[in-house]
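# Chains, contacts and geometry: an overview
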Amino acid sequence: TAKEVADEKGVSTKQKIQVKMPLSFVLAGGKYEALADRVLKLAFPYEITIEDDVEMVTVWFNTILPEHEFIANDSDIKIKQVIFD
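A brief look at the structure comes next. What you see is a predicted model; the values in this text were computed from it and never measured. Numbers given for residues are sequential positions, taken from 1 along each chain in its written order. Under the rules for a predicted model, residues below a pLDDT of 70 receive no local features and side-chain atom pairs below 80 are neither given nor counted, while totals for whole chains, interfaces and linings still include all residues. Processing note: side-chain calculations cover all non-hydrogen atoms of the structure and skip hydrogens and water entirely.

A separate point is the overall build of the protein. Helix and strand assignments come from DSSP, with helices taken as H or I runs of at least 4 residues and strands as E runs of at least 2, each series counted from the N terminus. The helix and strand tally for the protein stands at two helices and four strands. Starting at the N terminus and ending at the C terminus, the protein contains elements arranged as α-β-α-β-β-β. Type-normalised accessible area, obtained with a 1.4 Å probe on protein chains alone, sets the label of each residue: buried when under 20%, exposed when over 50%, and partly exposed for intermediate values. Within the protein, the fraction of its 85 residues that count as buried is 31%. Taking all contacts inside the protein whose residues are at least 6 apart in sequence as the whole, residues at least 24 apart take part in 65%. In what follows, a contact means two residues having at least one pair of non-hydrogen atoms within 4.5 Å.

With that out of the way, let us pick up a nonpolar patch on the surface. Grouping into patches uses exposed residues only, defined as over 30% relative accessible area, and leaves out salt-bridged ones; the cut-off is 9 Å for like charges and 5 Å for nonpolar side chains (Val, Leu, Ile, Met, Phe, Trp, Tyr). Reported accessibility uses the Shrake-Rupley method at a 1.4 Å probe radius. Residues are deemed covered only where the shown protein chains occlude them. Each salt bridge in this description consists of a side-chain nitrogen of Lys or Arg and a carboxyl oxygen of Asp or Glu lying within 4 Å of one another. Judged by side-chain polarity, Leu40, Tyr46 and Ile48 come together as a nonpolar surface patch covering roughly 320 Å² of accessible area. As for its placement among the helices and strands, Leu40 is situated in helix H2 (residues 33-41).

Structurally, Met21 can be placed in strand E1 (residues 14-22). Judged by relative accessible area, which is 4%, Met21 ranks as buried. It is 9.6 Å that separates the C-alpha atoms of Met21 and Ile71, two residues lying 50 residues apart in sequence. For Met21, the residues in contact, after removing those within four places along its chain, are Val26, Tyr32, Leu35, Glu55, Met56, Val57, Asp76 and Ile77.

Right, dumping it as structure tokens:
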């Protein structure tokens, strides 16, 4: 970042992967309970919202590890790349 500022290119944006799923998936006994444990241990940013009367949790990852790619095949999970300034 310092080099970019020195070169007058400005600060670059950061890309994150946004993963949104029903909160029940990550609670005790939920099908992704182990993933939630990892999110909390590594202090990934997350947010809880209500959409269509369903509590949802949104987590922002830098990357999705190969052992967690199974979430991409779950139709109840929404994944997209987001750019933060």
